[in-house]
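Observations on chain architecture
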Amino acid sequence: MPYENLAGRTAVVTGAASGIGEAVAVLLAEQGARVALLARRRDRLDGIVEKIRADGGRALAVAADVTDAASVDAAAERIHAEYGAVDLVVNNAGVMLPNPVDDGRVDEWQRMIDTNVTGVLRVIRAFTGDLVGAAAAGRTADLVNISSIGAHVPFPTYAVYGATKAALTYLSQSLRTEFGPRDVRVTNIEPGLTSTELATHIDSDALREEIDGMLRETGSLSPQELADVVAYVSSRARHVNLRQIVVLPTRQA
Ligand code: NDP
């Protein structure tokens, strides 16, 4: 049994309407966790929750926008009302909008910062009390942040995206100094190329094709392979923290 500590946990997964977040939510539910799926597209969430329930799992669709503080607070209220306190938070919602810096796309910079950094902080703020309380009661408590290899490896046109992910990697590292002594585990995962909807939001055909070329050259991870990593790290004994994980397709240098 690869995952031993997930049954009976209560999880929140942001960005669970597709890609990595969807796969994480499905796997955690399969392993016996109750899972609140958070994203903006209610129809997508409803379909995934229906499937999880049909397979015997427990899940809740919570339509929310992490760029909106009131929306995150309302989501937390709903999750608390349905499930009580949570003990596993996966900060996965994110957007990647590459552009040459000279284009000055303040709109896209703002969207990335607001989703990938401030959005994560809003979610952390909403559930910190739960995690600290769960750990104080002797249970396993996890904060898992999905950063990116882009936090370390620069790539033309990805400066702002990389900066948001570097901020998230730093945040994970720094939060460990606050949460670790209280037994709340903080795990930072940095994936490489993974086949999801992420690149479909890029509005430049050339930049989208560039990613497609990289995918052809190096291959990619599947969302399920990332879900396996999330489930593995959060199912270790609570004093074991696989704190920083870089997971890339073997051919991605
Ligand atoms: P997807 O685009 O498939 O998933 C992103 C998810 O985030 C969607 O479910 C989307 O749902 C949700 N989301 C976006 N904006 C918001 C918002 N404002 N509020 C709430 N939810 C939001 O891509 P991935 O699965 O690839 O992305 C997941 C994470 O993995 C991201 O943080 C990404 O940066 C990271 N990552 C991905 C890599 C890859 O190669 N795919 C590599 C490295 C890191 P909705 O639109 O319904 O809100």
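Here the structure is shown first, and the text comes after it.
Let us look at the structure shown here. (Residues numbered from 1 in each chain as written. Predicted model: local features only at pLDDT ≥ 70, side-chain atom pairs only at ≥ 80, totals over all residues. Heavy atoms only, no water.)

1. Quick notes on the nonpolar core
- If you look at the biggest cluster of nonpolar residues, it comprises 37 residues, and the most contacted ones within it are Val 13, Val 24, Leu 28, Val 35, Leu 37, Val 90 and Ile 189.
- Ranked by residues supplied to this core, first place goes to helix α1 (residues 19-30) with 7 residues.
- Judged by nonpolar contacts, the second largest core, of 32 residues, contains Ala 36, Ala 64, Val 120 and Ala 126. (Core = buried A, V, L, I, M, F, W, Y, C linked by side-chain atoms within 4.5 Å. Buried < 20%, exposed > 50% of the residue type's maximum accessible area, 1.4 Å probe, protein only. Helix = DSSP H or I, 4+ residues; strand = E, 2+ residues; numbered from the N terminus.)

2. A few points about the packing of helix α4 (residues 106-136) against helix α5 (residues 159-179)
- Between α4 and α5, the least distance of the axes is 9 Å, while the angle of their chain directions is 20 degrees. It follows that α4 is roughly parallel to α5 by the angle criterion. By crossing handedness, the relation of α4 to α5 is classed as right-handed. Listed contacts from α5 to Trp 109, Met 112, Ile 113, Asn 116, Val 117, Val 120, Leu 121, Ile 124, Thr 128 and Val 132 of α4 are Val 160, Tyr 161, Thr 164, Lys 165, Ala 167, Leu 168, Leu 171, Leu 175 and Phe 179.
- Residues that form the contact of α4 with α5 fall into these classes: 15 nonpolar, 3 polar and 1 charged. (Axes fitted to C-alpha atoms, helices over the stretch in contact; angles between N-to-C directions. Parallel < 35°, antiparallel > 145°, perpendicular 65-115°, else oblique. Left-handed = near helix turned anticlockwise from the far one by under 90°. Contact = heavy atoms within 4.5 Å. Nonpolar A, V, L, I, M, F, W, Y, C, P; charged D, E, K, R; others polar.)

3. A look at the packing of α1 against helix α7 (residues 223-234)
- The geometry of α1 relative to α7 is characterised by a closest axis approach of 8 Å and an angle of 55 degrees between their N-to-C directions. Comparing the axis directions of α1 and α7 gives the class oblique. Pair α1 / α7 crosses with right-handed handedness. Contacts between α1 and α7 involve Gly 19, Ile 20, Ala 23, Val 24 and Leu 27 on the former and, on the latter, Pro 223, Gln 224, Leu 226, Ala 227, Asp 228, Val 230 and Ala 231.
- Class assignment for the residues of the contact of α1 with α7 results in 9 nonpolar, 2 polar and 1 charged.

4. Comments concerning the sheet that holds strand β7 (residues 244-247)
- The strand order β3-β2-β1-β4-β5-β6-β7 describes an open sheet built from 7 strands, whose pairing is parallel. Edge positions in the open sheet fall to β3 (58-63) and β7, since each of these has one partner strand only. Across this sheet, the average inter-strand angle for adjacent strands is 15 degrees, counted without regard to direction.
- Inspection of the sheet shows strand β1 (residues 10-14) paired to strand β4 (residues 88-91) by 3 bridges, in the parallel sense. The partner of Val 12 across the bridge, within β4, is Val 89. (Pairing = 2+ DSSP bridges.)

5. Considerations on the packing of aromatic side chains
- Applying the stated criterion across every chain yields a total of 2 aromatic pairs.
- Relative to Tyr 158, the ring of Phe 155 lies with its centre 5.6 Å away and its plane at 65 degrees, an arrangement referred to as edge-to-face.
- Given the relative accessible area of 35%, Phe 155 is considered partly exposed.
- For Tyr 158, a relative accessible area of 10% gives the class buried.
- Ring geometry for Tyr 158 and Tyr 161: centres 6.5 Å apart, planes at 75 degrees, overall edge-to-face. Across this residue pair, the class does not change: Tyr 158 and Tyr 161 are buried.
- In this arrangement the basic side chain of Arg 236 is found over the ring face of Tyr 232, its NZ or CZ atom lying 3.8 Å from the centre. (Phe/Tyr/Trp six-rings, centres within 6.5 Å; stacked < 30°, edge-to-face > 60°. Lys NZ or Arg CZ within 6 Å of the ring centre and 35° of its normal.)

6. Notes on the site of the ligand
- The environment of the ligand is made up of 29 residues, and the closest members are Arg 40, Arg 41, Asn 92, Tyr 161 and Thr 196.
- In this structure, Ser 18 approaches the ligand through a side-chain N or O atom, which is 2.8 Å from an oxygen atom.
- At 2.9 Å from a nitrogen atom of the ligand is found a main-chain nitrogen or oxygen belonging to Val 66.
- Here the ligand loses 96% of its free accessible area of 880 Å² to cover by the protein chains.
- Secondary structure elements with two or more residues in the shell around the ligand: α1 and α5. (Near = heavy atom within 4 Å. Polar contact = N/O pair within 3.5 Å; in protein donor to acceptor, adjacent residues only side chain to side chain. Areas by Shrake-Rupley, 256 points an atom, 1.4 Å probe, with all protein chains shown as cover.)

7. Overview of the pairing of strand β6 (residues 184-191)
- The buried count for β6 comes to 8 of 8 residues, which makes it a mostly enclosed element.
- Covered by surrounding structure in β6 are Val 184, Val 186, Asn 188 and Glu 190 together with Arg 185, Thr 187, Ile 189 and Pro 191, the residues of both alternating faces.
- With 6 bridges connecting them, strand β5 (residues 141-146) and β6 associate as parallel partners. Its bridge partner being in β6, Val 144 is matched across the sheet by Thr 187.

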